[in-house]
Amino acid sequence: MGKDVIIACDFPSRGHTFAFLDKFDTVKPYVKIGMELFYAEGPQIVRDIKARGHKIFLDLKLHDIPNTVRNAMRILSSLEVDMCNLHASGTRAMMEAALEGLTRPDGSRPLLIAVTQLTSTSQERMQNELLISSSIKETVLHYALNAKAAGLDGVVCSPLEAYEMHKCCGEEFLAVTPGVRFEGDESGDQVRIATPARAKEFGSDYIVVGRPITSSEDPLEAYLSCVRDFVS
Ligand code: C5P
């Protein structure tokens, strides 16, 4: 499975997004469309970015009753995205329903990835606020096993958890890892973080990088540096 760098295009509008993507004239990065942009611009933004030749991870993190998620996934599948996701905490029944909805009549479908614990969540918060008494690592691995049992393709987790996740679920089960920062960067609201080079050592399959690229003075160079450190 080829490794790749996915840029989180967390922008408030089409104008901001295309002004940003115009800086990438020589390469076509894999792009993540999250809630901010999708809710601002609707499904057409997905078609328009796809038409410019980018692969797309549609990061809407679905979490609802199985029937609702099945039907919502059917709609998302028709957008021809390459990857989409949901919360593993929605349980196996929800994940299985999601896969059903996502699978097209010809059997093809986008990759489906489960969020384990958000990379902004610390163990302390998870235990005190969510009353999950296990460690964050155990929780992530347990959610990953549930996602695998439901037939999904991988999980979103921290790069710090990618190695153990692969040991537990197999090398083929994808680790899609946000929480990536360059050496010396501010971590912002992220807690469980690593550099692109460390993410590679830990065995991440895809790194999802937002602000370190989008807020950089030279986004193309920041992206290429991620590619050099993570993919090459
Ligand atoms: O700007 P930054 O690099 O922190 O962006 C990380 C991106 O990955 C954001 O778009 C965020 O929504 C997303 N994400 C995450 N943690 C998860 C799942 C998705 O940070 N568990």
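All of the points below concern the structure found in this document.

Attention now goes to the sheet that holds strand 5 (residues 111-115). With parallel pairing, 8 strands are arranged side by side around a closed barrel as 1-2-3-4-5-6-7-8. Taking each pair of neighbouring strands and ignoring which way they run, the sheet shows an average axis angle of 25 degrees. Examined bridge by bridge, strand 1 (residues 4-8) and strand 2 (residues 30-34) share 3 bridges and lie parallel to one another. Bridging across to strand 2, Ile 6 finds its partner in Tyr 30.

Mapped onto the fold, Lys 148 is located in helix 7 (residues 136-149). Residue classification places Lys 148 among the partly exposed residues on the basis of a relative accessible area of 41%. Dropping the residues within four chain positions of it, Lys 148 is found in contact with Cys 169 and Phe 173.

The subject of this paragraph is the packing of helix 1 (residues 14-21) against helix 3 (residues 44-51). Between helix 1 and helix 3, the shortest axis-to-axis distance is 12 Å and the interhelical angle comes to 15 degrees. By the angle between their axes, helix 1 is roughly parallel relative to helix 3. Here the hand of the crossing between helix 1 and helix 3 comes out right-handed. Contact with helix 1, carried on its side by Arg 14, Thr 17, Phe 18 and Leu 21, involves Gln 44, Ile 45, Asp 48 and Ile 49 of helix 3 and no other residues of that element.

Compared with an ideal rise of 1.5 Å per residue, which puts 12 residues at 16 Å, helix 4 (residues 66-77) spans 16 Å between its outermost C-alpha atoms and is within 8% of the ideal. Within helix 4, the full set of buried residues consists of Val 69, Met 73, Leu 76 and Ser 77. With its buried residues spanning 90 degrees around the axis, helix 4 presents them on a single face. Elements in contact with the buried residues of helix 4: strand 3 (56-62), strand 4 (83-87), helix 5 (92-102) and strand 5.

Applying the stated criterion across every chain yields a total of 15 salt bridges. For Arg 14, the salt bridge identified is with Glu 41, shortest N-O distance 3.8 Å. Of the two residues, Arg 14 is situated in helix 1 and Glu 41 in helix 2 (residues 35-41); the sequence distance between them amounts to 27 residues. Residue classification places Arg 14 among the partly exposed residues on the basis of a relative accessible area of 26%. Salt-bridge contacts for Lys 137 lead to Glu 164; the nearest nitrogen and oxygen are separated by 3.3 Å. Here Glu 164 lies in helix 8 (residues 159-169) and Lys 137 lies in helix 7, a separation of 27 residues in the sequence. Three or more residues are tied together by salt bridges with common partners; here these are Arg 14, Glu 41 and Asp 48.

This paragraph deals with the state of the cysteines. For the structure shown, the criterion picks out 0 disulfides. Here Cys 157 stays free of any disulfide, with the sulfur of Cys 169 as its closest cysteine sulfur at 9.3 Å. Cys 168 supplies the cysteine sulfur nearest to Cys 169, a cysteine that is in no disulfide, at a spacing of 4.2 Å. According to the relative accessible area criterion, Cys 169 is buried, its value standing at 3%.

Moving on, we get to the nonpolar core. Leu 58, Met 73 and Leu 86 are the most contacted members of the largest nonpolar core, which has 63 residues in total. Here this core gets 6 residues from one element, more than from any other, and that element is helix 7. If we ignore the near neighbours within four places in the chain, the residues touching Leu 58 are Ile 33, Phe 38, Val 46, Leu 76, Leu 79, Val 81, Met 83, Cys 84 and Asn 85. By size, the runner-up hydrophobic cluster in this structure holds 12 residues, among which are Ile 6, Phe 57, Ile 113 and Tyr 206.

For Lys 61, which is not a glycine, the phi torsion comes out positive at approximately 45 degrees. With respect to the helices and strands, the residue Lys 61 is situated in strand 3. Non-glycine residue Leu 131 carries a positive phi angle of around 55 degrees. Its place among the elements puts Leu 131 in the loop between helix 6 (123-130) and helix 7. Exposure remark for Leu 131: the relative accessible area of 71% places this residue in the exposed category.

Reading guide: rules and limits
- Residues numbered from 1 in each chain as written.
- Predicted model: local features only at pLDDT ≥ 70, side-chain atom pairs only at ≥ 80, totals over all residues.
- Heavy atoms only, no water.
- Pairing = 2+ DSSP bridges.
- Helix = DSSP H or I, 4+ residues; strand = E, 2+ residues; numbered from the N terminus.
- Axes fitted to C-alpha atoms, helices over the stretch in contact; angles between N-to-C directions.
- Buried < 20%, exposed > 50% of the residue type's maximum accessible area, 1.4 Å probe, protein only.
- Contact = heavy atoms within 4.5 Å.
- Parallel < 35°, antiparallel > 145°, perpendicular 65-115°, else oblique.
- Left-handed = near helix turned anticlockwise from the far one by under 90°.
- Expected span 1.5 Å × (residues − 1).
- Arc of directions from axis to C-beta.
- Salt bridge = Lys/Arg side-chain N within 4 Å of Asp/Glu carboxyl O.
- Disulfide = S-S within 2.5 Å.
- Core = buried A, V, L, I, M, F, W, Y, C linked by side-chain atoms within 4.5 Å.

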